[in-house]
Amino acid sequence: MTIARATVFGGSGFIGRQIVKRLAQRGVVVRAAVRDPEGALFLKPMGQVGQIAPIAADIRSEKAVTAAVASVDLVVNAVSLGAQTRRDRFADVHVQGAKRVARLAAAAGVKRLIHISGIGSDPKSDSAYVAARGHGDRAVQEAFPAATLLKPSVVFGPGDHFFTTFAAMARLSPALPLFGGGTARVQPVYVGDVADAAMKALDDPASAGRAYELGGPTVYTYRELMELLLQTVERKRLLVPVPERIALIVAAFASLLPGKPLTRDMVKLAVADNVVGVGAKSLQDLGVAPTTVEVILPTYMDRYRRSGRWRNARFA
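Here's a quick rundown of the structure. Because the structure is a prediction, the values reported are computed rather than measured. (Residues numbered from 1 in each chain as written. Predicted model: local features only at pLDDT ≥ 70, side-chain atom pairs only at ≥ 80, totals over all residues. Heavy atoms only, no water.)

Looking at the overall build of the protein chain
Right, on to step 1. Each helix and strand counted, the protein chain has 10 helices and 13 strands in total.
Right, on to step 2. Principal-axis analysis of the C-alpha atoms gives the protein chain an extent of 55 × 40 × 40 Å.
Right, on to step 3. Every one of the 316 residues in the protein chain was classed for burial, and the buried ones make up 52%.
Right, on to step 4. For the protein chain, the accessible area works out to roughly 14,200 Å², and carbon and sulfur atoms hold 54% of it.
Right, on to step 5. Placing the 41 positive and 26 negative side-chain charges of the protein chain at their respective mean positions leaves the two points 5 Å apart. (Helix = DSSP H or I, 4+ residues; strand = E, 2+ residues; numbered from the N terminus. Buried < 20%, exposed > 50% of the residue type's maximum accessible area, 1.4 Å probe, protein only. Areas by Shrake-Rupley, 256 points an atom, 1.4 Å probe, with all protein chains shown as cover. Lys, Arg positive; Asp, Glu negative; His and termini not counted. Charge placed at Lys NZ, Arg CZ, Asp CG, Glu CD.)

As structure tokens, then:
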């Protein structure tokens, strides 16, 4: 299938920018649909002059989404909301917003839709985030039955929110918390592999209407990941088990602070397994060889250490 024009919602985000880059390398004209086009100008050098156009498009707006999906062959929804605020709610973004993108893409005659979700998305979850993701997946599949769902585990790479956050904590704190004891299993996947999976899905007509759970080659416990991180940044810190009930109490107060450093949903995610399910289609089914954490993590942890910047780094 020939893809000449595409719209990527969340195109300036952690995963979205990698997909924009790969589409541009294929010669696709890309609209990066974002809330702040000025803040997405860093995307433009990824393509030829005029090839990548950041546009203002909030997925909560019927008018904005309609305009964003007009006259394109492909739509990718890579929008993600990690914590709720008074203005931004999980249901508005991950359910109604996702449904709106899918519905209007179908109405516009878009050939392919790729929806980025997450492993474990479940409408019945007691985590508001996970439940919203689950409801959103169902809504997308109903509105655009040929949509391809990519459901990654914890995504890592330069500028991530997982290792970068804990590396910053390790720089400032003598201890790192292990919610629920750190026994939950996780299968981190490299952001470049997630973007490659999206490209492979475009090349494979059989991927239409299917869901893929994306995980790396190794399953770790959270404790093992923290030990690996500390080894990489060459710091010795205590790893302190924190029972889930205590973590939830702390999160209730921390979620009231600016920036919401810890929320109930973050705790719930940290104490639940996040691995590719038995029998689920995966990266390998798309022809992507997963990259190990050990290969990538030192490359950007070294850059943080040398530059002294441990937060909000952006690498294209």
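Considering the environment of Val186
Right, on to step 1. With respect to the helices and strands, Val186 occurs in strand β9 (residues 185-186).
Right, on to step 2. On the basis of relative accessibility, which here comes to 0%, the residue Val186 falls in the buried class.
Right, on to step 3. Leave out the neighbours within four places in its chain, and Val186 touches Ser153, Val154, Thr218, Val219, Tyr220, Tyr222, Leu225, Asn274 and Val275. (Contact = heavy atoms within 4.5 Å.)

Topic: the packing of aromatic side chains
Right, on to step 1. Taken as a whole and judged by the stated rule, the model has six aromatic pairs.
Right, on to step 2. Ring centres 5.0 Å apart and planes at 80 degrees place the aromatic pair Phe162 and Phe163 in the edge-to-face group. No difference in accessibility class separates Phe162 from Phe163, as the two residues are buried.
Right, on to step 3. Between Phe162 and Phe166, the ring centres sit 5.5 Å apart and the planes meet at 65 degrees, which makes this aromatic pair edge-to-face. Across the pair, exposure class does not vary: Phe162 and Phe166 are buried alike.
Right, on to step 4. Put simply, the rings of Phe156, Phe162, Phe163, Phe166, Tyr190 and Tyr222 pair up and form one aromatic cluster. (Phe/Tyr/Trp six-rings, centres within 6.5 Å; stacked < 30°, edge-to-face > 60°.)

Observations regarding the pattern of salt bridges
Right, on to step 1. The final tally for this structure, using the stated rule, is 14 salt bridges.
Right, on to step 2. Two residues, Arg35 and Asp88, come together in a salt bridge whose shortest N-O distance is 2.8 Å. Of the two residues, Arg35 sits in the loop between β2 (29-34) and β3 (52-56) while Asp88 sits in the loop between β4 (74-77) and α3 (90-107), which places them 53 residues apart along the sequence.
Right, on to step 3. The class for Asp88 is buried, based on a relative accessible area of 11%.
Right, on to step 4. Arg100 is the salt-bridge partner of Glu62, the closest N and O atoms lying 3.1 Å from each other. With a gap of 38 residues between them, Glu62 in helix α2 (residues 62-69) and Arg100 in helix α3 connect regions that are remote in the sequence. (Salt bridge = Lys/Arg side-chain N within 4 Å of Asp/Glu carboxyl O.)

Description of the packing of helix α5 (residues 163-172) against helix α7 (residues 222-233)
Each pair of packed helices gets described by two things: the angle between the helix axes and the distance between those axes.
Right, on to step 1. It is the contact of α5 with α7, at a shortest axis distance of 10 Å, that shows an interaxial angle of 60 degrees. Relative to α7, the crossing made by α5 is right-handed. Facing Phe163, Phe166, Ala167 and Ala170 of α5, the residues of α7 in contact are Leu225, Met226, Leu229 and Leu230.
Right, on to step 2. Residue classes in the contact of α5 with α7 are distributed as eight nonpolar, no polar and no charged. (Axes fitted to C-alpha atoms, helices over the stretch in contact; angles between N-to-C directions. Left-handed = near helix turned anticlockwise from the far one by under 90°. Nonpolar A, V, L, I, M, F, W, Y, C, P; charged D, E, K, R; others polar.)

What to know about the nonpolar core
Right, on to step 1. Ranked by size, the top nonpolar core spans 38 residues in total, and within it Ile15, Ile19, Leu23, Leu74, Ile114, Leu150 and Leu214 carry the most contacts.
Right, on to step 2. Those elements giving two or more residues to this core turn out to be β1 (5-9), α1 (16-25), β2, β4, β5 (112-116), α6 (191-203) and β11 (211-214).
Right, on to step 3. Of the residues forming this core, the biggest block, eight residues, is contributed by α6.
Right, on to step 4. Of all hydrophobic cores here, the second largest spans 28 residues; its members include Ile59, Ala68, Ala98 and Leu113. (Core = buried A, V, L, I, M, F, W, Y, C linked by side-chain atoms within 4.5 Å.)

In short, shape yes, function no, at least from these values alone.
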